[in-house]
Amino acid sequence: MKFTINLVLLFSMAGAHAQTLKIGVITDFEQSPTLSIIIDQMIHEIDQTTGVSRKTSLEATFFGIFDIESAQTSYRQLDGKTDLIIAVGSISAKGLSLMSDLPVPVIALGIIDPGLQDLPYINGTSGKRNFTYIWQTRNLEKELEAFYKIHDFKSVVVFADEKAASTVNKQKARNLIDSLSEKLNTELSIIPVGSDLEQVVDQIPANTDAAYFTVLLSQPESQIQLLINQLNQRKIATFSGNSRLMDNGVLGTMTNENDLQQVIRKLAIMTDGIVSGSELSFMPVTLDTRESLYVNIATARKIQLPIPFEVLFTATIIGDDESAIETYSFEEVAEKALAANLNIQISYRDVEISKVRVKSARSNVLPSIESGLTASQINEKRANAAFNTPEQSLTAGLTLTQVIYSEQAIAAIKIARYLQQAQEYNTEAEVLRVLFDTYTAYSNVLSAKTNVLIQRENLLNTRKNKELAAIRVDLGASNNTDLYRWESELAIANQSVIEAQTTLLSAKLQLNTLLANNLDSEFEVADVSLEDDLFKAFSQGPISKVIKTPESLRIVSDFLVAESQRQNPNKKALTENIHAANRQLEQNQRLLYTPTIALQAQTSQVLARGGAGSILDAQAMALGMTELQDNSWLVGVSLSLPIFDGFGRKAAIQQSKIRLEQLDYSQTLLDQNLELGIRAGVLNLVSASTNIRYSQSASESALENFELVQENYKQGQVTITQLIDAQQTALEARLAAAFSIYEYIQAHLQLEFSAGSFIMLMPEDQLQDFNNRLQQYLNNQN
């Protein structure tokens, strides 16, 4: 109880002795809810930074400063009532900077450029007693060069705040514009932006193809939005020095930090320095912002502006509605491959052809009926009715042929059936191969996509490290060699991002080609993580669950080897080819002694006769003929057996035997390859499984080490080489951890492909049968 009372008294005494820091605000801008929120944020941040020994309060605010005199008058009214005056806006800043005597310290915000505004600037400080400011160093030339990467403009307008423009030295501004126009080979003009939006739009030249926005603090957001909408409707590319305008539809910007929060933070630190007795004239006025190119892809589509590859690959893309892009899962891609892949469709047609070949072979043992119509003309001297040979005749004939026994015909049917079955197994193998290639391509897309994200993060880290080096150079803790090295590292990181992006595009093309280009030109694939059902299906499947020890690994390998040789479609197809080759050999051997027997029946009918010999004459009657014979027929059985064909049959036998030997060797080789694939696949699966855990751990440790080394570099405790090594190690570890998941799935698929079937595609009854066989095999081994 005594301790509690003392603690309460201690805080009460501290509160009683807390000094109040009174702040006044002078601003160019009219009072608005947004401005009030910003002022409140400044007061709160100052209060937090100066500590519990001081309480910060806002004494008074003067809004709508319209000229230098009103700014100076407002300052005098706050003299004696405040401890610090914050000037917000170019007019307020310029007006107070011109006062010779400033008894109350002043910190000015909203500076365009000290040189253009003729503000005091000496070696990075104001050099003026009780006066300083925060200058967000904007390099118009550098930002226009970044803009040019997006769009090779020819005529650019620069929108400047009307109030801020009034504080700029017009001759210096004109010189800057002329210099930039010549350097960038473009027409460059400045348009002040005031309250009359129509007047602003009317000043835009007809040939304008680009517009740059400076910070338009005095303009309401609704007015800025209307202006941006007008420019987008005219398909004029836009760029902004204010990242917040990206939400309003500006095409690009060079900032990625919250500029306002940086300004407020620096303001609070400066105020704490004033409270501690620091002189404002010696405080650094610059506030360097991190440089990063952002592109609004939705705006690019709206104004129909193609974005160069280099920008797409290295810039941060926003405004891309990912929900509008079709995303395909692992299973959906497999279904599309089965339905659309051209290799599968070709193989299906091969099956149909093999079925037709069976029908063609069977036709050789079915009856053959031929009909014919013969018109003939012989010379008159040969015509003789007695011999039934008229000079002109028209005869219809009908022939029936039926094979009774033919070794070649019977063997052809058997061989065609074997080859049909072999083709069906080959098609099954082709389906498996295409599915495996599709899964591999899917995994390649995921790997490439992940690589892009990680390389982008590495690029951001490199930029941050370059900024840390710049800070160290400014403080004198390092020299420019670090900056030059980081420039080199930044170029390498940019190139790595570009290469990662091109690899991703190539991987998507390969996947889409396997699906016969049925996917949209822009598509995404669903990622796979440790928590996904797909990964769990593999990691908790029947194979992964039982491989726990070297002995279980051997047993499972033996089981899968047996499974592959039992059900692998390539093995089945080869077996059918061996059956066909055996039947071919048997046919060639039988042809040495077996004849071909066939039944033939034929009839003919004379339809018309003419000329000599077409009617009975005395000679024919003398021979006893009373009428001409118009119909004739014959029935017979033929038997043929080649006696000598130049040793062709023996050569055919030798060829069949050699073919069988080849197939036997092929079968042995296939068995060996299947066994090798299974045993190596099981080992790869075990390695990939353990690699997930260790690579994740290594990645976390490498990242923590990098962050620690980065902080030590910032404090000057480690060298640039140590930081680069730590960053590179973190990058490699991050990539290894991300890829380990895909490598595990790929190892699983490779193993199942070697076995001859994908477990994930098995119907429930087949999967249960597989599990039962595996369990029975394990029980028998134990």
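Look a little higher up for the structure.
Quick caveat: nothing in here was measured; it's all calculated off a predicted structure.

A. Spatial organisation of the sheet that holds strand 20 (residues 631-640). On the basis of which strands lie adjacent, the open sheet formed by 4 strands has the order 16-17-19-20 and antiparallel pairing. Where the open sheet ends on each side, the last strands, each with one partner, are strand 16 (368-377) and strand 20. Adjacent strand axes in the sheet meet at a mean angle of 20°, parallel and antiparallel pairs treated alike. Pairing of strand 19 (residues 596-610) with strand 20, which is carried by 10 bridges, proceeds in the antiparallel orientation. Across the sheet, Gln600 pairs through a bridge with Gly636, a residue of strand 20.

B. Just the sheet that holds strand 1 (residues 19-27), in detail. Pairing is parallel across the open sheet formed by 5 strands, whose spatial order is 2-1-3-4-5. Either end of the sheet is taken by a strand with one partner, and the two such strands are strand 2 (54-62) and strand 5 (131-133). Direction aside, neighbouring strands of the sheet carry axes that sit 25° apart on average. Sheet strands touched by helix 2 (residues 33-50): strand 1, strand 2, strand 3 (84-88) and strand 4 (106-109). Its angle to strand 2, the strand with the most contacts, is close to 155°. Packing of helix 3 (residues 68-78) onto the sheet brings it into contact with strand 1, strand 2, strand 3 and strand 4, and relative to strand 1 it is tilted by some 165°.

C. Quick look at the side chain of Gln455. Structurally, Gln455 is set in helix 16 (residues 407-475). Note on Gln455: relative accessible area 8%, which makes it buried. The residues touching Gln455, leaving out its near neighbours within four places in the chain, are Ser496, Val497, Ala500, Leu731 and Leu735.

D. Local environment of helix 3. Those residues of helix 3 that sit buried are Ser70, Ala71, Gln72, Ser74, Tyr75 and Leu78. For helix 3, the secondary structure elements touched by its buried residues are strand 1, strand 2, strand 3, helix 4 (90-97) and strand 4. In the stretch just after helix 3, Gly80 is the one whose phi turns positive, near 90°.

E. Geometry of helix 24 (residues 720-755). Over its 36 residues, helix 24 extends 51 Å from the first C-alpha to the last, a length consistent with the 52 Å expected when each residue adds 1.5 Å. Maximum bend of helix 24: about 30°, positioned at Ser740.

F. Focus on a negative patch on the surface. A cluster of acidic residues, Glu326, Glu331, Glu332, Glu335, Asp520 and Asp533, forms a negative patch on the protein surface. If you trace the backbone, Glu331 turns up in helix 14 (residues 330-340). On the accessibility criterion, Glu331 (39% relative accessible area) is partly exposed.

G. Spotlight on unusual backbone geometry. Notably, Asn130 is not glycine yet its phi reads approximately 60°, a positive angle. Tracing the sequence through the fold places Asn130 in the loop between helix 5 (114-117) and strand 5. Positive phi is not limited to glycine here, since Lys235 has a value of about 60°. As for its position among the elements, Lys235 is in the loop between helix 10 (221-233) and strand 10 (237-240).

H. Up close: the pattern of salt bridges. Under the defined criterion, the tally for this structure stands at 22 salt bridges. Across the pair Arg566 and Glu563 runs a salt bridge, and its minimum N-O distance is 3.2 Å. A residue pair is termed a helical-turn pair when its members lie 3 or 4 positions apart in one helix, as Arg566 and Glu563 do in helix 20 (residues 550-567) at 3 residues. Given the relative accessible area of 45%, Arg566 is considered partly exposed. By relative accessible area, Glu563 is classed as buried at 4%.

I. Region of the structure containing a nonpolar patch on the surface. Side chains of Ile404, Leu599, Trp633, Val635 and Val637 sit close together on the surface and give an oily, nonpolar patch of about 550 Å² of accessible area. Residue contributions to the nonpolar patch peak at 3 residues, all from strand 20. Secondary-structure assignment places Val637 in strand 20.

J. Local environment of the packing of aromatic side chains. One pass over the structure, following the stated rule, counts 16 aromatic pairs. Ring centres of Tyr212 and Phe239 lie 6.3 Å apart, and the angle between their planes is 20°; this geometry places the pair in the stacked category. With a gap of 27 residues between them, Tyr212 in strand 9 (residues 210-213) and Phe239 in strand 10 connect regions that are remote in the sequence. Note on Phe239: relative accessible area 0%, which makes it buried. Ring centres of Tyr439 and Phe758 lie 5.4 Å apart, and the angle between their planes is 85°; this geometry places the pair in the edge-to-face category. Note that Tyr439 is positioned in helix 16 and Phe758 in the loop between helix 24 and helix 25 (764-781), a separation of 319 residues in sequence. There is no split in this pair, since Tyr439 and Phe758 are both buried. Ring-pair connections join several aromatic residues into one group, and the members of that group are Phe147, Tyr148, Phe153, Tyr212 and Phe239.

Calculation notes
- Residues numbered from 1 in each chain as written.
- Predicted model: local features only at pLDDT ≥ 70, side-chain atom pairs only at ≥ 80, totals over all residues.
- Heavy atoms only, no water.
- Pairing = 2+ DSSP bridges.
- Helix = DSSP H or I, 4+ residues; strand = E, 2+ residues; numbered from the N terminus.
- Axes fitted to C-alpha atoms, helices over the stretch in contact; angles between N-to-C directions.
- Contact = heavy atoms within 4.5 Å.
- Buried < 20%, exposed > 50% of the residue type's maximum accessible area, 1.4 Å probe, protein only.
- Expected span 1.5 Å × (residues − 1).
- Bend = angle between axes of the 7 residues up to and from the residue.
- Patch = residues over 30% accessible without salt bridge, like charges linked within 9 Å, V, L, I, M, F, W, Y side chains within 5 Å.
- Areas by Shrake-Rupley, 256 points an atom, 1.4 Å probe, with all protein chains shown as cover.
- Salt bridge = Lys/Arg side-chain N within 4 Å of Asp/Glu carboxyl O.
- Lys, Arg positive; Asp, Glu negative; His and termini not counted.
- Charge placed at Lys NZ, Arg CZ, Asp CG, Glu CD.
- Phe/Tyr/Trp six-rings, centres within 6.5 Å; stacked < 30°, edge-to-face > 60°.

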